[in-house]
There are 4 protein chains.
Amino acid sequence: MSRKSAILAAATDLFAEKGFNETCTAEIAARAGVAQGTLFYHFKSKEGMLLEVFADVMGAYLHGQEQALQGAGDGRAALEEMLRFHFRFLQDNSRHLLVLIRDFPCHLLREDGPRRSQVREQLLAMIALLRTCLERGAHDGSLRVKDAHTTALLLRGLLSGLTRQQLLSPLDVPDLGEEAVAFCLEALRPDGLPAPLAP
Amino acid sequence: MSRKSAILAAATDLFAEKGFNETCTAEIAARAGVAQGTLFYHFKSKEGMLLEVFADVMGAYLHGQEQALQGAGDGRAALEEMLRFHFRFLQDNSRHLLVLIRDFPCHLLREDGPRRSQVREQLLAMIALLRTCLERGAHDGSLRVKDAHTTALLLRGLLSGLTRQQLLSPLDVPDLGEEAVAFCLEALRPDGLPAPLAP
Amino acid sequence: MSRKSAILAAATDLFAEKGFNETCTAEIAARAGVAQGTLFYHFKSKEGMLLEVFADVMGAYLHGQEQALQGAGDGRAALEEMLRFHFRFLQDNSRHLLVLIRDFPCHLLREDGPRRSQVREQLLAMIALLRTCLERGAHDGSLRVKDAHTTALLLRGLLSGLTRQQLLSPLDVPDLGEEAVAFCLEALRPDGLPAPLAP
Amino acid sequence: MSRKSAILAAATDLFAEKGFNETCTAEIAARAGVAQGTLFYHFKSKEGMLLEVFADVMGAYLHGQEQALQGAGDGRAALEEMLRFHFRFLQDNSRHLLVLIRDFPCHLLREDGPRRSQVREQLLAMIALLRTCLERGAHDGSLRVKDAHTTALLLRGLLSGLTRQQLLSPLDVPDLGEEAVAFCLEALRPDGLPAPLAP
DNA sequence: GATGAATGAGATTTCATTCAT
DNA sequence: TATGAATGAAATCTCATTCAT
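As the structure is a computational prediction, the values presented were derived from the model and not from experiment. (Residues numbered from 1 in each chain as written. Chains lettered and ligands numbered in written order. Predicted model: local features only at pLDDT ≥ 70, side-chain atom pairs only at ≥ 80, totals over all residues. Heavy atoms only, no water.)

Enquirer: Can you break down the UniProt feature "domain: HTH tetR-type" (unreviewed entry) in chain A residue by residue, with the values?
Expert: Feature annotation in UniProt places "domain: HTH tetR-type" (unreviewed entry) on residues 1-61 of chain A, given in this structure's numbering. Its end C-alpha atoms 22 Å apart, residues 1-61 of chain A is made of 77% helix and 0% strand. (UniProt positions renumbered as here; feature names shortened; annotations may be inferred. Helix = DSSP H or I, 4+ residues; strand = E, 2+ residues; numbered from the N terminus.)

In structure tokens form, the structure reads like this:
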């Protein structure tokens, strides 16, 4: 593993574990097994590391969501796939996902810059993916959706809120994946379609 | 206004505006119009200020939710009231709510201490309120709820996620209050109950 | 001596001795006998210290020059006083003067700021003083001056160049004060006026 | 152009533009179009680059002054040539001259070393040139000079001070070349010689 | 109760220089 | 001859907190 990826891995771990602010660059360097200066040879700044970590994790997540969307049948099935993928990703990569939701670099995105716009685009891409899925369902009658964009935002809020609660809550929160999937599908169920039998 | 409440007000504003880490105590003192030392006469530490700000805002929020719960008729109506109260609070007190969701003191709550347990209890109280509401609906048949605790957690996750998205997203997010209320009610609608007419 | 003036004194010494860039803040703190943080309690930045040191020394210098100008008789005598004062100041306060000419904060003055404009004004004040003196001499016939402003600039360049050479040259340079005074007076001697006898 | 001269050219530009301390080696390498390591293959250190840049510029300057001195008639004419050459050089090569006067490596010259003594010798050569000129004038009666060495130092101080003021002053300083030449010639004019007519 | 000067530990970042290739 | 990744020492500055008054 190259030094740069060692740094990236160390930063990902630490940002997830302790948060961006509480992680100091000396710690990242130590965990990556490189000198402090090496960090700044490979990245412009600590913030630059976060942005790159961010883009990487988001890239993997988006890739998975795209595949979930493509593989599925009707809109409802696609949505189910996407929701399930989210919670699977949460289980398998909780460390990585934590970076996304812990220090989502809100303030970083207000200003501009190449990395920044990349992250913003990824965020929009996720919403677009959800919208595509919802529009398909609206079209084929498998989902009841009034406004696809609004509903996409609603779903994204729900997913990120649940994930945040799961990973960061001081309370012990059980895995709400199945419940959440059922909740969403039910909320978007067309009138004619009967509720699925409980498992 | 006493010095202590001036400090609290200043801290609330700044924590909401810039976040806990980015706010320095000198700034709080300046905005409150007191000396830096005065901060530490009234509070044990900067973290202590956050905890108190937190408890205050959460107290007001909980108070409102309790009233919403008590005033309403059946479980479904009560839930609707609670959800609507949340988004009204978000509109009227976005600054304050921002403190709750921006720096939700996750790491602060892991350790113990008197203030810390207060905050944890408030968090539990909110979930209990939602559960009460859901149980009432389950009992009177106005809501379809399998497990009240799980659903309460789900609703809390949804609310906090949407609020976070609303207040912190780098994207322009419209007010999703109405959509969210409809979404939740629909998800919990009993089979027999017809969907409400669109407005 | 207050801590702030101790810092100022230490900074003056070190800036004169080693130059601004080669002096580190830890050294200033050590020599002033204060903690490093104290520097930044009293000054915004290291550059802020330089600016203040600068303004102080320049203030003392200007004060002396003003007195030299006021006390003298005709323009020629006034100029002589001013030139002599410069070289006396150079002898008595070489440490302080060194700060002025070593790190004359050229680049600092391009941008703006309250301190910066103070320094710029002091610089202009010095030139104005020289011009006043030259104009007086032009008026009373004791000096031959074509353009007072230009000549003032020329004299300032000469003085600072000589001072710089004196204090910073790697060569051993003798005190050129007397020579310089004679040189300047001779250069500005009106046609009618006989050259003074050599001492 | 060889790599080494590309480096030298880049260093000259940057040292003149931003000063020695504010120029970093990475920048020099980038502007020269070579790798950072290459800098240290050709030069012992960053300081070594400055010394070489210095010697080069000083060499060109001295060469011009020598020619000015040789080509002229009596001492007075020679001095005039030399002074004029200085200001012409200042106009044509302000970038290069800036290196000489901006970071005149005072502290560098205190210690020893082969390059260092070269620079010191060049400095002495310049003074010697001026002295030669003054002595010629003293001898042929075209200049009134009491002590040639002292006056040479005085002229050098004047020239470098004016140049510094011209190139680095935060104030807008007009070209003082003509004034300076006149000023010096007048200061050294023998009693019998009438002042030249104003142009 | 209130102050604000002082602290010192620690954070990020810079940069000349080295060295294996 | 040339490279460029890597270094680590050092520098400036921040900031929560303390304490004598």
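Further notes follow.
Enquirer: Could you give an account of the protein's contact with DNA strand F, with specific residues and numbers?
Expert: In the region of DNA strand F, 29 residues are neighbours, and T38, Y41 and H42 of chain A together with T38 and Y41 of chain D sit closest. At 3.4 Å from a phosphate oxygen of DNA strand F is found a main-chain nitrogen or oxygen belonging to A35 of chain D. Contacts to DNA strand F include H42 of chain D, whose side-chain N or O atom sits 2.9 Å from a phosphate oxygen. Contributions of two or more residues to the surface near DNA strand F are made by α3 (36-42) of chain A, α3 (36-42) of chain B, α3 (36-42) of chain C together with α3 (36-42) of chain D. (Near = heavy atom within 4 Å. Polar contact = N/O pair within 3.5 Å; in protein donor to acceptor, adjacent residues only side chain to side chain.)

Enquirer: Help me get a handle on the relation of the copies chain D and chain C, residues and values and all.
Expert: After a rotation of 179° and a shift along the axis of 0.0 Å, chain D superposes on chain C with an RMSD of 0.1 Å. Each copy turns onto its partner about a two-fold axis. The overlap is high: 100% of the interface residues of chain D also sit at the interface in chain C, so the same surface is used on both sides. (Least-squares fit on C-alpha atoms with pLDDT ≥ 70 in both. Contact = heavy atoms within 4.5 Å.)

Enquirer: Provide a residue-level description of the interface of chain B and chain A, including the pertinent values.
Expert: Taken together, the contact between chain B and chain A spans 43 residues of the former and 43 residues of the latter. Taken over both partners, the interface formed by chain B and chain A buries close to 3,700 Å², and the fraction arising from carbon and sulfur atoms is 65%. The largest per-residue losses of area from chain B upon contact with chain A belong to L154, P170 and F183 of chain B, which jointly make up 18% of the total buried on that side. Counting across the interface, chain B meets chain A through 3 salt bridges. Scanning the region where chain B abuts chain A turns up 6 residue pairs in polar contact (both at pLDDT 80 or more). At the level of elements, α6 (94-102), α7 (106-110), α8 (114-140), α9 (148-168) and α10 (177-187) of chain B are the ones that each hand at least two residues to the side of chain B that touches chain A. The element that contributes the greatest number of residues to the side of chain B that touches chain A is α9 of chain B, accounting for 14 residues. Among the residues making up the side of chain B that touches chain A, the classes are represented as 25 nonpolar, 7 polar and 11 charged. (Buried area = accessible area lost by both parts, 1.4 Å probe. Salt bridge = Lys/Arg side-chain N within 4 Å of Asp/Glu carboxyl O. Nonpolar A, V, L, I, M, F, W, Y, C, P; charged D, E, K, R; others polar.)

Enquirer: Give me the protein's contact with DNA strand E: which residues, what numbers.
Expert: Not every one of the 28 residues close to DNA strand E is listed here, only the nearest: T38 and Y41 of chain B together with T38, Y41 and H42 of chain C. Here, DNA strand E places atoms within 4 Å of the protein, and 70% of those atoms are sugar or phosphate. A distance of 3.3 Å is found between a phosphate oxygen of DNA strand E and a side-chain nitrogen or oxygen belonging to R3 of chain C. K46 of chain D places a polar main-chain atom, nitrogen or oxygen, 2.9 Å from a phosphate oxygen of DNA strand E. At the level of secondary structure, the elements contributing two or more residues to the surface near DNA strand E comprise α3 of chain A, α3 of chain B, α3 of chain C together with α3 of chain D.

Enquirer: Break down the relation of the copies chain B and chain A for me, citing the residues and quoting the values.
Expert: With an RMSD of 0.1 Å, chain B superimposes on chain A once it is rotated by 179° and translated 0.0 Å along the axis. A shared interface surface links the copies, since 100% of the contact residues of chain B are contact residues in chain A too.

Enquirer: Explain the domain arrangement of chain A residue by residue, including any values.
Expert: Residue and element names in this part refer to chain A. By domain assignment, chain A separates into domain 1 (1-43) and domain 2 (46-187). Placing a centre on the C-alpha atoms of domain 1 and another on those of domain 2 gives a separation of 26 Å. Every contact between the two is made by 19 residues of domain 1 and, on the other side, 14 residues of domain 2. Regarding the contact of domain 1 and domain 2, the summed buried area is about 1,400 Å², with carbon and sulfur atoms giving 70% of it. Three residues, F15, A16 and F20, lead the burial of domain 1 against domain 2; their summed loss comes to 38% of the area buried on that side. On the surface where domain 1 and domain 2 come into contact, there are 2 salt bridges. A salt bridge links K4 to E52; the nearest nitrogen and oxygen atoms lie 3.5 Å apart. Summed over the shared surface of domain 1 and domain 2, the number is 5 residue pairs in polar contact (both at pLDDT 80 or more). Looking at the side of domain 1 that touches domain 2, the elements with two or more residues in it are α1 (3-18), α2 (25-32) and α3. Sort the elements by how many residues they give to the side of domain 1 that touches domain 2 and α1 lands first, with 10 residues. Here the side of domain 1 that touches domain 2 is composed, by residue class, of 10 nonpolar, 5 polar and 4 charged. (Domains from an automatic or database assignment.)

Enquirer: How would you summarise the environment of R76 of chain A if you had to cite specific residues and measurements?
Expert: Among the structural elements, R76 of chain A can be located in helix α5 (residues 75-92). In this structure the C-alpha to C-alpha distance between R76 of chain A and A26 of chain A, which are 50 residues apart in sequence, comes to 48 Å.

Enquirer: Report on the packing of aromatic side chains, specifying residues and quantitative values.
Expert: Considering all chains together, one arrives at 18 aromatic pairs over all chains under this definition. Where F85 of chain D meets F89 of chain D, the ring centres are 5.7 Å apart and the plane angle is 50°; that geometry is what we call tilted. One end of the pair, F85 of chain D, and the other, F89 of chain D, are both in helix α5 (residues 75-92), 4 residues apart, so they sit about a helical turn from each other. Each member of the pair, F85 of chain D as well as F89 of chain D, carries the same accessibility label: buried. Looking at K46 of chain B, its charged tip hangs above the ring of F20 of chain B, at a distance of 4.4 Å from the centre. Its guanidinium or amino end placed over the ring of F43 of chain D, K4 of chain D lies 5.2 Å from that ring's centre, counting from NZ or CZ. (Phe/Tyr/Trp six-rings, centres within 6.5 Å; stacked < 30°, edge-to-face > 60°. Buried < 20%, exposed > 50% of the residue type's maximum accessible area, 1.4 Å probe, protein only. Lys NZ or Arg CZ within 6 Å of the ring centre and 35° of its normal.)

Enquirer: Lay out the arrangement of the chains in plain terms, naming residues and giving numbers.
Expert: At the C-alpha level, the nearest point of chain A lies 20 Å from chain C, with no contact between them. Chain B shows no contact with chain C. Their nearest C-alpha atoms sit 12 Å apart.

Enquirer: Lay out the nonpolar core with the relevant residues and their values.
Expert: L79 and F183 of chain A together with L79 and F183 of chain B are the most contacted members of the largest nonpolar core, which totals 142 residues. Excluding anything up to four places from it in sequence, L79 of chain A contacts L130, C133, L134, L143, L155, L185 and L188 of chain A. The next biggest cluster of nonpolar side chains, apart from the first, holds 140 residues, and it includes V145 of chain C together with I28, V34 and L171 of chain D. (Core = buried A, V, L, I, M, F, W, Y, C linked by side-chain atoms within 4.5 Å.)

Enquirer: Tell me what's going on with the UniProt feature "DNA-binding region" (unreviewed entry) in chain A, and back it up with residues and numbers.
Expert: Within this numbering scheme, the UniProt entry marks residues 24-43 of chain A as carrying the feature "DNA-binding region" (unreviewed entry). Here residues 24-43 of chain A runs as 75% helix and 0% strand, with 15 Å between its end C-alpha atoms.

Enquirer: Account for the side chain of R189 of chain C, naming residues and giving values.
Expert: All names here are of chain C. As for its position among the elements, R189 is in the segment after α10 (177-187). Residue R189 is classed as buried on the basis of its relative accessible area of 9%. At 2.6 Å, the side chain of R189 forms a polar contact with the side chain of E186.

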